[in-house]
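Spelled out from the first residue to the last, the chains are:
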Amino acid sequence: MGSRRGRQQHPGAGTGEGSQAPHPGGRGGRVHVAPFPQQAPQRGNQGQGGTAPPQQPRGRTGEDAGRGRARGGRPPQQYPSDGRGAHGDGAGPLGRLAPELRQAMEASSEPPLRASQMLAGPSEPAAQEDPPAELGQGSKQVAVRPESTSVTMSAVPSSSKAIRFPLRPGKGSVGTRCLVKANHFIAQLPDKDLHQYDVSITPEVTSRIVSRAVIKELVNLHRASYLGGRLPAYDGRKSLYTAGPLPFTSKEFQITLLDDDDGSGSQRRQRNFTVVIKFAARADLHRLGMFLAGRHTEAPQEALQVLDIVLRELPSTRYMPFGRSFFSPDLGSRQRLGDGLESWRGFYQSIRPTQMGLSLNIDMSATAFIEPLPVIDYIAQLLSSNIHSRPLSDADRVKIKKALRGVNVEVTHRGNMRRKYRISGLTTQSTRELTFPVDEGGTVKSVVQYFQETYGFAIQHTYLPCLQVGNQKRPNYLPMEVCKIVEGQRYSKRLNQNQIRALLDVTCQRPRDRERDIIQMVKHNAYQDDPYAKEFGINISDRLASVEARILPAPRLKYNETGREKDCLPRVGQWNMLNKKMVNGGKVRSWMCINFARNVQESLVRGFCHELALMCQNSGMDFALEPVLPPLNARPDQVERALKARYHDAMNVLGPQRRELDLLIGILPDNNGSLYGDLKRVCEIDLGIVSQCCCAKQVFKMNKQIHANLALKINVKVGGRNTVLVDALSRRIPLVTDRPTIIFGADVTHPHPGEDSSPSIAAVVASQDWPEVTRYAGLVSAQAHRQELIEDLYKVWQDPQRGTVNGGMIRELLISFKKSTGQKPQRIIFYRDGVSEGQFYQVLLFELQAIRKACASLEANYQPKVTFIVVQKRHHTRLFAHNHNDRNSVDGSGNIIPGKSYKQLTPHIAAIFSTMMLTPCSTSEGTVVDSKICHPTEFDFYLCSHAGIKGTSRPAHYHVLWDENNFTADGLQTLTNNLCYTYARCTRSVSIVPPAYYAHLAAFRARFYMDPETSDSGSATSGPGGRGPPSGSSTSRSTRTPGGAAVRPLPAMKDSMKNVMFYC
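Residues numbered from 1 in each chain as written. Predicted model: local features only at pLDDT ≥ 70, side-chain atom pairs only at ≥ 80, totals over all residues. Heavy atoms only, no water.

## Some remarks on the overall build of the protein
Argument step 1. Looking only at helices and strands, one finds 22 helices and 46 strands in the protein.
Argument step 2. By the burial criterion, 60% of the 1064 residues in the protein qualify as buried.
Argument step 3. At a minimum sequence separation of 6, the contacts of the protein that also span at least 24 residues come to 75%.
Argument step 4. When the accessible surface of the protein is summed, it comes to about 40,900 Å², and 48% of that surface belongs to carbon and sulfur atoms. (Helix = DSSP H or I, 4+ residues; strand = E, 2+ residues; numbered from the N terminus. Buried < 20%, exposed > 50% of the residue type's maximum accessible area, 1.4 Å probe, protein only. Contact = heavy atoms within 4.5 Å. Areas by Shrake-Rupley, 256 points an atom, 1.4 Å probe, with all protein chains shown as cover.)

## Some points on the nonpolar core
Argument step 1. Core analysis: the largest hydrophobic core is formed by 118 residues, its most contacted members being Phe596, Leu643, Tyr831, Tyr958, Tyr998 and Tyr1063.
Argument step 2. The leading source of residues in this core is helix 22 (residues 994–1006), at nine residues.
Argument step 3. In this structure, Leu227, Tyr234, Ile518 and Tyr532 belong to the second largest nonpolar core, which totals 60 residues. (Core = buried A, V, L, I, M, F, W, Y, C linked by side-chain atoms within 4.5 Å.)

## As for helix 9 (residues 497–507)
The α-helix winds at 3.6 residues per turn, so residues separated by three or four positions along the chain end up facing the same way.
Argument step 1. Listing the buried residues of helix 9 in full gives Gln499, Ile500, Leu503 and Val506. Buried positions in helix 9, seen along its axis, are confined to an arc of 120° and lie on one side of it. Away from the buried face of helix 9 by more than 90 degrees, exposed residues Asn498 and Asp505 are located.
Argument step 2. For helix 9, the N-terminal capping position is held by asparagine 496, with its side-chain oxygen 3.1 Å away from the main-chain nitrogen of asparagine 498. (Arc of directions from axis to C-beta. Polar contact = N/O pair within 3.5 Å; in protein donor to acceptor, adjacent residues only side chain to side chain.)

## A few points about the sheet that holds strand 30 (residues 632–633)
Paired through their backbone hydrogen bonds, the strands of a sheet run either parallel or antiparallel.
Argument step 1. The strand order across the open sheet built from four strands is 30-28-31-32, with neighbouring strands paired in parallel fashion. At either end of the open sheet lies a strand with only one pairing partner, and these are strand 30 and strand 32 (691–695).
Argument step 2. Looking at chain direction, strand 31 (residues 663–668) and strand 32 are connected through five bridges and run parallel. Of the residues in strand 32, the one forming a bridge with isoleucine 667 is cysteine 694.
Argument step 3. In the packing of helix 12 (residues 602–618) onto the sheet, contacts are made with strand 28 (591–595), strand 30, strand 31 and strand 32, and the angle to strand 28 comes to roughly 145°.
Argument step 4. Set on the sheet, helix 16 (residues 704–717) makes contact with strand 31 and strand 32; between it and strand 32 the angle comes to about 165°. (Pairing = 2+ DSSP bridges. Axes fitted to C-alpha atoms, helices over the stretch in contact; angles between N-to-C directions.)

## A word on the pattern of salt bridges
Think of it this way: side chains of opposite charge can pair up when their charged atoms draw near.
Argument step 1. The final tally for this structure, using the stated rule, is 42 salt bridges.
Argument step 2. Its salt-bridge partner being arginine 164, residue glutamate 298 comes within 3.5 Å of it at the nearest N-O pair. Residue glutamate 298 is located in the loop between helix 4 (285–292) and helix 5 (301–318), and its partner arginine 164 is located in the loop between helix 2 (115–119) and strand 4 (176–182); the two are separated by 134 residues in the primary sequence.
Argument step 3. What makes glutamate 298 partly exposed here is its relative accessible area of 25%.
Argument step 4. Members of the salt-bridge network, linked through shared partners, are Glu640, Lys644, Asp678, Arg681 and Asp686. (Salt bridge = Lys/Arg side-chain N within 4 Å of Asp/Glu carboxyl O.)

## Description of the state of the cysteines
Argument step 1. Counted by the stated rule, this structure contains zero disulfides.
Argument step 2. We note that cysteine 466 lacks a disulfide partner, and the nearest cysteine sulfur, in cysteine 483, lies 8.6 Å from it. (Disulfide = S-S within 2.5 Å.)

## Let's talk about helix 13 (residues 639–654)
Argument step 1. The terminal C-alpha atoms of helix 13 lie 22 Å apart, and with 16 residues this matches the ideal 22 Å at 1.5 Å per residue to within 8%.
Argument step 2. As for helix 13, its buried residues are in contact with strand 28, strand 30, strand 31 and helix 14 (675–687). (Expected span 1.5 Å × (residues − 1).)

## Focus: the pairing of strand 15 (residues 357–370)
Regular strands have side chains that alternate between both faces of the sheet.
Argument step 1. Extensive coverage of strand 15 is indicated by the burial of 14 of its 14 residues.
Argument step 2. Sheet topology places strand 5 (residues 184–188) next to strand 15; four bridges connect them, and they run antiparallel. What sits directly across from alanine 187, in strand 15, is leucine 358.
Argument step 3. With 14 bridges connecting them, strand 14 (residues 341–354) and strand 15 associate as antiparallel partners. The partner of proline 353 across the bridge, within strand 15, is leucine 358.
Argument step 4. Connecting the antiparallel pair strand 14 and strand 15 is a turn made up of two residues.

## A few points about the sheet that holds strand 33 (residues 724–725)
Argument step 1. Here three strands make up an open sheet; going across it, the order is 26-25-33 and the pairing antiparallel. Since the sheet does not close on itself, it has two edges, and those belong to strand 26 (567–568) and strand 33, each with one partner.
Argument step 2. In this sheet, strand 33 lies alongside strand 25 (residues 557–558) in antiparallel orientation, the contact comprising two bridges. Across the sheet, lysine 558 pairs through a bridge with valine 724, a residue of strand 33.

## Observations concerning the pairing of strand 36 (residues 776–783)
Argument step 1. Counting buried residues along strand 36, eight of its eight residues qualify, which places the element largely inside the surrounding structure.
Argument step 2. Burial along strand 36 is two-sided: the residues Tyr776, Gly778, Val780 and Ala782 and Ala777, Leu779, Ser781 and Gln783 are all buried.
Argument step 3. Alignment of strand 35 (residues 760–767) against strand 36, held across eight bridges, turns out to be antiparallel. Looking at strand 36, one finds that alanine 766 is bridged to alanine 777.

## Comments concerning the confidence of the model for the protein
Argument step 1. In this model, the protein carries an average pLDDT of 81, and 76% of its residues clear a pLDDT of 70 or more.
Argument step 2. Under a pLDDT of 50 for its full length, residues 898–920 has, in the predicted model, 39 contacts with residues more than four places off or in other chains.
Argument step 3. Segment residues 1013–1043 is flagged for pLDDT under 50; beyond a separation of four residues in sequence, or across chains, it makes 96 contacts in the model. (pLDDT = per-residue confidence, 0-100.)

## Concerning the packing of aromatic side chains
Note on aromatic pairs: each is described by the distance of the centres and the angle between the planes.
Argument step 1. Under the counting rule described, the total for this entry stands at 28 aromatic pairs.
Argument step 2. On the numbers, 6.0 Å between centres and 75° between planes, the contact of tyrosine 226 with phenylalanine 253 is edge-to-face. Of this pair, tyrosine 226 sits in the loop between helix 3 (208–222) and strand 7 (233–234) while phenylalanine 253 sits in strand 9 (residues 250–258), and the two are 27 residues apart along the sequence.
Argument step 3. Exposure remark for phenylalanine 253: the relative accessible area of 4% places this residue in the buried category.
Argument step 4. An aromatic cluster of three or more residues is present, and its members are Tyr776, Tyr983, Tyr997, Tyr998, Phe1062 and Tyr1063.
Argument step 5. Looking at arginine 490, its charged tip hangs above the ring of phenylalanine 322, at a distance of 5.4 Å from the centre. (Phe/Tyr/Trp six-rings, centres within 6.5 Å; stacked < 30°, edge-to-face > 60°. Lys NZ or Arg CZ within 6 Å of the ring centre and 35° of its normal.)

## Some details on the packing of helix 18 (residues 809–821) against helix 19 (residues 840–858)
Argument step 1. Their axes nearest at 8 Å, the elements helix 18 and helix 19 cross at an angle of 50°. With respect to helix 19, the element helix 18 is oriented oblique. The element helix 18 and its partner helix 19 pack so that their crossing is right-handed. Contacts between helix 18 and helix 19 involve Ile810, Arg811, Leu814 and Ile815 from the former and Ile851, Ala854, Cys855, Ser857 and Leu858 from the latter.
Argument step 2. Classifying every residue of the contact of helix 18 with helix 19 by side-chain character gives seven nonpolar, one polar and one charged. (Parallel < 35°, antiparallel > 145°, perpendicular 65-115°, else oblique. Left-handed = near helix turned anticlockwise from the far one by under 90°. Nonpolar A, V, L, I, M, F, W, Y, C, P; charged D, E, K, R; others polar.)

## Details of the packing of helix 13 against helix 14
In a packed pair of helices, the relevant descriptors are the angle between the two axes and the axis-to-axis distance.
Argument step 1. For the pair helix 13 and helix 14, interaxial distance at closest approach is 9 Å and the crossing angle is 40°. The angle between helix 13 and helix 14 falls in the class oblique. In the packing of helix 13 onto helix 14, the handedness of the crossing is right-handed. Of the residues in helix 14, those touching helix 13 at Val639, Glu640, Leu643, Lys644 and Tyr647 are Leu675, Asp678, Leu679, Arg681, Val682, Cys683, Asp686 and Leu687.
Argument step 2. Across the contact of helix 13 with helix 14, the residue classes break down as eight nonpolar, no polar and five charged.

## Notes on the side chain of threonine 952
Argument step 1. Among the secondary structure elements, threonine 952 is positioned in the loop between strand 43 (940–944) and strand 44 (956–963).
Argument step 2. With a relative accessible area of 12%, threonine 952 lands in the buried category.
Argument step 3. Within the structure, threonine 952 has its side chain in polar contact with the backbone oxygen of glutamine 509 (distance 2.8 Å).

## Looking at the environment of glutamine 798
Argument step 1. Within the element layout of this structure, glutamine 798 appears in strand 37 (residues 795–799).
Argument step 2. Polar contacts involving the side chain of glutamine 798 include one to the side chain of threonine 804, which spans 2.7 Å.

## Some remarks on the environment of arginine 550
Argument step 1. With respect to the secondary-structure elements, arginine 550 resides in strand 24 (residues 545–551).
Argument step 2. Taking relative accessible area as the criterion, arginine 550 reaches 3% and is therefore assigned buried.
Argument step 3. Separated by 372 residues in sequence, arginine 550 and cysteine 178 have C-alpha atoms that sit 5.8 Å apart.
Argument step 4. Each residue touching arginine 550, except ones within four places of it in the same chain, is listed here: Gly172, Ser173, Val174, Thr176, Arg177, Cys178, Gly926, Thr927, Val928, Asp930, Asp970 and Gln973.
Argument step 5. Only 3.2 Å separates the side chain of arginine 550 from the backbone oxygen of glycine 172, close enough to count as a polar contact.
Argument step 6. A distance of 2.7 Å separates the side chain of arginine 550 from the side chain of glutamine 973, its partner in a polar contact.

## Section: unusual backbone geometry
Argument step 1. A cis amide bond links threonine 202 with the next residue in sequence, proline 203, at an omega value of -5°.
Argument step 2. Within the fold, proline 203 resides in the loop between strand 6 (194–202) and helix 3.
Argument step 3. In this structure, proline 771 follows tryptophan 770 across a cis peptide bond, with omega equal to 15°.
Argument step 4. Here proline 771 lies in the loop between strand 35 and strand 36.
Argument step 5. One non-glycine residue, arginine 731, lies in positive phi territory at about 60°.
Argument step 6. Examined against the element boundaries, arginine 731 turns out to sit in the loop between helix 17 (726–729) and strand 34 (741–749).
Argument step 7. Residue asparagine 966 is not a glycine yet carries a positive backbone phi of 55°.
Argument step 8. By the secondary structure assignment, asparagine 966 is in the loop between strand 44 and helix 21 (969–979).
Argument step 9. According to the relative accessible area criterion, asparagine 966 is exposed, its value standing at 57%.

Okay, here's the thing in structure tokens:
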């Protein structure tokens, strides 16, 4: 699900006018998201241009169980993950990487497009710093100048060993300087000689719990003797680490473990293991020190890995470890989440290399566990019904089997004996019907009879199936009523909406409370008394790090000249549409409404639609007050039939006038299940009309704020723009407005946990207006399950009729930009969402090369300069106010806002801040940090670009992986912050840069288009799995997974949907 992002339940959809020319080499299996038709370029100063704002910053839920941080081709484990977890195994497309730059820059085997075909445009500047040509010269045909591309291009690295991410170009200076606190605790670098040993256990052990038990027993027996008094740290797999050498290079040990006492009084089973410990390597702490001091560019991953394992050793024995987090029912009160689940509190812990040295990042977390209930009670909660009063239906059985498979239970019918079993399934027969052979002679006995005779236990619920435990070949049967779920089993499957809300209530803390809990957790962990930390000489501070930050100024926003307010300067990250009109109002001349909510009266629907139409008009849109047809009431279970029939009726009216339907307003029940996804699929795939959905509760409220928010969405869906940056119109954005620049956003969304066959969905959006950079077209594509690399950025294939065909999302969006603006991009800024540090090398290698090839396929030597930036939200760094009681430095949610003058502080503190020229503050929109807690040498920064609403704001982390445009720190930080004010769905600045946000929305929407066979969730309630017909296009092609299985392509979208931001 992803978190982290407070999405609105029903983001709207959109349509637009004009048709899209066929995309050369376009892939039939990909849904095309709104490339703009060729048109006269729109420029300028007349208040024309812009984007609109969002409902809320998106926030992904769930615990990020810190995934691996190894970067691409580096050793498999890097320093601990602080970014969003890896979603794929990295297999697949990497195998197709070309080894040299020249292969990336070659024109494809297809002849380059002629200038008249695509890249014809205004005369290019003679030199790189010349001003851009006038847009009115769009008919001229000029080739790209080689000296402006190939001479200055950096080589695409052939492997991760050749990659060096850009160094920090100095620190930023724009904005008001202040101090904040971060949940990083300084860790003193140990002065020890670290050794690594390989561990092999025979017979092979797959359970980490058993592996740890074996090594723990070995240390207890032999620490003082064979281990030379050393206390080793063990990773639970194949490696052991010590602070100094062991007295041997290789040694074999015999270890015996006793099974847990099951309470039966019988002799406990013994298991014998052979353990071989063999010297492997030394971890170089000198190189780590050099790296932290900025004198070495590559992090010594082995040393960081050792330190992380050492600090995890003690918590792993005290708590339930999952990823980089630890959970326990003793770390906070349990909270019921519903359907047999409960939340456990815990903490995240990760050692990080930073500019201030090593730091330990600690954050609070929570996740879902299965309640340790009797199985009968668990099922009653799961089904939300009284299972004692009726037999189970087939649907009930499927739900129970899916929920209980793999769950551990203990029996309760044998007194103190609590033997444990793992559930493998359910019996098809009820308990009363089950029999099994008791001897080789063929004698059978019923389960009911066996339990009565053997244990004196009378089974009551004989109508229920039995649990099947053990292996499938020789299953054992256990009646449900004699089983209880074992405590401490994390629930890793998908949560429903009610459970997500309940978990968010647990995890959502005001900054003051979160900071207090973090400090208490550090004291509770008592790192100063940790025997492993002592052994390795690691000292952890118990104070939050003080970090210098800056508050970037908010950008001025341009609105239409016809409004009373022609521009606006946001305050505290928000503003409103009062006295303002959209900078470019869209046209809605024909629209209709269908009501699927039975509790909403027709008169109320009419009134709501009329008020919405008035709001759209007053906001600057050309919007008809009356619909084409009166509102229609329809049944929620007949959405497709109702939509198609009403569309046919509307076209009977509009067709003779040669008009199209511009907009559908859909009113949905508050709990609408799959209805929303079905409506979007039918409108965007089958009918090609823009839709705007509203919940019944919004209709009943009937207030102007709701209408204003809906108007913002509708406007961008029909091709309008809500606002633009004043600096964009006046050409004052460095490295963007001086020459044609396209800004991309890309993201990949993956199936929910438990969905083992659904494809991942990749989405790429790109700006289609320049210099305004506010309107984004996009493309989406299905690809291999949990594959993070975007496979369809660039494609070449053989077509029986056309021969060699070039295609891919980058290529098609570049073409669309040229059609829309009349210019070909000379710069590319690529914001890539959803990549963990462990995937940096892989993603950059593959996707940068795809960008290069896409450009070269359009015109020989066409290689615009690229800046590639990863956007991360799934990290655990939080920023806090220096003084939570200072109302001048915190907002209503307790998050930081621009700081007060140091002259208002106490004389002593003011003197300190005065000498440092710093102001104490709390994080707010525009708070940027590029010191202390950031990377020691590379170009990264934290930006809190949004105002807090609830809980503790999470800053976005931006890490530059490639920069041929040579951005300064101020230039990139200011650009990124300013773009966050141009989000189209609300009048608030948002938490991540809009292109990345839009890509996420587009990918999320595309799941509604999938056929149920390609999605384990089908059109399940609350999920993004929708239904959609398979594509009938003869050009449809399938992506293949690394195992060779084809991924069914997404159905083709109607052309009328390709020119608008329908995903908003």
